[in-house]
Amino acid sequence: PLPSPDTDVPHKTILLGDSGVGKTSLLVQFDTGKFQTGTFSATVGIGFTNKVVCVDDSKVKLQIWDTAGQERFRSVTHAYYRDAHALLLLYDVTNKTSFDNIRAWLVEIREYAQDDVVIMLLGNKADCQSSERMVRREDGERLAREHSVAFMETSAKTGQNVELAFMAIARELKARK
Ligand code: GDP
Ligand code: MG
């Protein structure tokens, strides 16, 4: 049979956020259902992963890009996300600085990404002990509301909300088509 038209167009989806927030881990969890302890080589990114997500009766193809450590030097090139259809912007709930930097990420995104880009803010490492938590869920929710973006807390370790986050992105992309 001919491929259905809606599976043909891959939607470029990019993981953004400070180094160490769990971008690579989140993508590995979504792709393989596994969590690997220890930091992934920061400079060797895994490039992109193609995933097909089912939304109702149709399939949405996501081409998910992981930054290869450029985020450490705040030099993720703008050209890299100029043609992105969706952005997953992560912070780490145990790292206040990564949360504070979200505003700066959003300024750049608003300047260089497409106006209709789908953005989802994710507070990752939600599995942490309450003593380790530095950013409350309400703070994430408020920031997301202020910037009119969707929000979820995730854990690349336990898998909490990981699939749900990508499903929500796929659903939104399909709705905007
Ligand atoms: P990246 O630099 O944003 O790609 O972050 P990595 O995926 O390399 O993760 C940085 C560190 O945080 C690694 O030690 C991971 O094992 C850890 N990590 C990532 N996600 C989670 C999570 O959801 N929970 C916990 N507890 N640790 C995580
Ligand atoms: Mg990484």
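Cut-offs and rules
- Residues numbered from 1 in each chain as written.
- Chains lettered and ligands numbered in written order.
- Predicted model: local features only at pLDDT ≥ 70, side-chain atom pairs only at ≥ 80, totals over all residues.
- Heavy atoms only, no water.
- Near = heavy atom within 4 Å.
- Polar contact = N/O pair within 3.5 Å; in protein donor to acceptor, adjacent residues only side chain to side chain.
- Areas by Shrake-Rupley, 256 points an atom, 1.4 Å probe, with all protein chains shown as cover.
- Helix = DSSP H or I, 4+ residues; strand = E, 2+ residues; numbered from the N terminus.
- Nonpolar A, V, L, I, M, F, W, Y, C, P; charged D, E, K, R; others polar.
- Pairing = 2+ DSSP bridges.
- Axes fitted to C-alpha atoms, helices over the stretch in contact; angles between N-to-C directions.
- Contact = heavy atoms within 4.5 Å.
- Phe/Tyr/Trp six-rings, centres within 6.5 Å; stacked < 30°, edge-to-face > 60°.
- Buried < 20%, exposed > 50% of the residue type's maximum accessible area, 1.4 Å probe, protein only.
- Lys NZ or Arg CZ within 6 Å of the ring centre and 35° of its normal.
- Arc of directions from axis to C-beta.

Draft legend 1. The arrangement of the site of ligand 1 in detail. Of all residues adjacent to ligand 1, which total 20 residues, the nearest are Gly20, Lys23, Ser25, Asp127 and Ala156. At 2.9 Å from an oxygen atom of ligand 1 is found a side-chain nitrogen or oxygen belonging to Lys125. Protein burial of ligand 1: of its 580 Å² of free accessible surface, 86% is covered by the chains. Per-element tally for the shell around ligand 1: the top contributor is helix α2 (residues 23-32), with 3 residues. For the shell around ligand 1, the per-class residue count stands at 4 nonpolar, 10 polar and 6 charged.

Draft legend 2. Representation of the sheet that holds strand β4 (residues 86-92). Pairing is mixed across the open sheet formed by 6 strands, whose spatial order is β2-β3-β1-β4-β5-β6. Because the sheet does not close on itself, it has two edges, and the strands there are β2 (48-55) and β6 (150-153). Neighbouring strand axes in the sheet, compared pairwise and without regard to direction, differ in orientation by 25° on average. With 7 bridges connecting them, β4 and strand β5 (residues 118-124) associate as parallel partners. Bridging from a neighbouring strand, Ala86 pairs with Val118 of β5. Packing of helix α6 (residues 137-146) onto the sheet brings it into contact with β4, β5 and β6, and relative to β6 it is tilted by some 165°.

Draft legend 3. Structural context of the packing of aromatic side chains. Taken as a whole and assessed by the stated rule, the structure comprises 3 aromatic pairs. Ring geometry for Phe30 versus Phe166: centroids 4.0 Å apart, planes at 10°, classification stacked. Note that Phe30 is positioned in helix α2 and Phe166 in helix α7 (residues 162-176), a separation of 136 residues in sequence. Accessibility expressed as a relative area gives 0% for Phe166, which makes it buried. Centre to centre, the rings of Phe48 and Trp65 are 4.7 Å apart; their planes meet at 40°, and the pair counts as tilted. A residue pair is termed long-range when its members are at least 10 positions apart, and Phe48 in strand β2 and Trp65 in strand β3 (residues 58-66) qualify at 17 residues. Judged by its relative accessible area of 23%, Trp65 falls in the partly exposed class. For the cation-ring pair, Lys12 lies above Trp65, with the distance from its terminal atom to the ring centre recorded as 5.5 Å. Over the aromatic face of Phe30 sits the side chain of Lys51, whose NZ or CZ is 5.1 Å from the ring centroid.

Draft legend 4. Representation of helix α5 (residues 102-112) in the model. Listed in full, the buried residues belonging to α5 are Ile102, Trp105, Leu106 and Ile109. Along the axis of α5, the buried positions cluster into a sector of 100°, meaning they face one direction only. In α5, the exposed positions angled more than 90 degrees off the buried face are occupied by Val107 and Glu111. Where α5 is buried, its residues contact β1 (11-16), α3 (78-82), β4, α4 (96-100), β5 and α6.

Draft legend 5. Inspection of the side chain of Lys51 at higher detail. With respect to the helices and strands, Lys51 occurs in strand β2. Looking at Lys51, its side chain comes within polar contact range of the main-chain oxygen of Phe30, at 3.5 Å. Residues within four places of Lys51 in sequence aside, it is in contact with Phe30, Asp31, Val60, Lys61, Leu62 and Ile64.

Draft legend 6. Broad picture of the pairing of β1. The buried fraction of β1 is high, at 6 of 6 residues. Of the two faces of β1, the one holding His11, Thr13 and Leu15 and the one holding Lys12, Ile14 and Leu16 are both buried throughout. In this sheet, β3 lies alongside β1 in parallel orientation, the contact comprising 5 bridges. Across the sheet, Lys12 pairs through a bridge with Gln63, a residue of β3. Here β1 runs beside β4; their pairing, made up of 4 bridges, is parallel. Directly across from Ile14, in β4, lies its bridge partner Leu87.

By themselves, these observations are geometric and do not establish any function.
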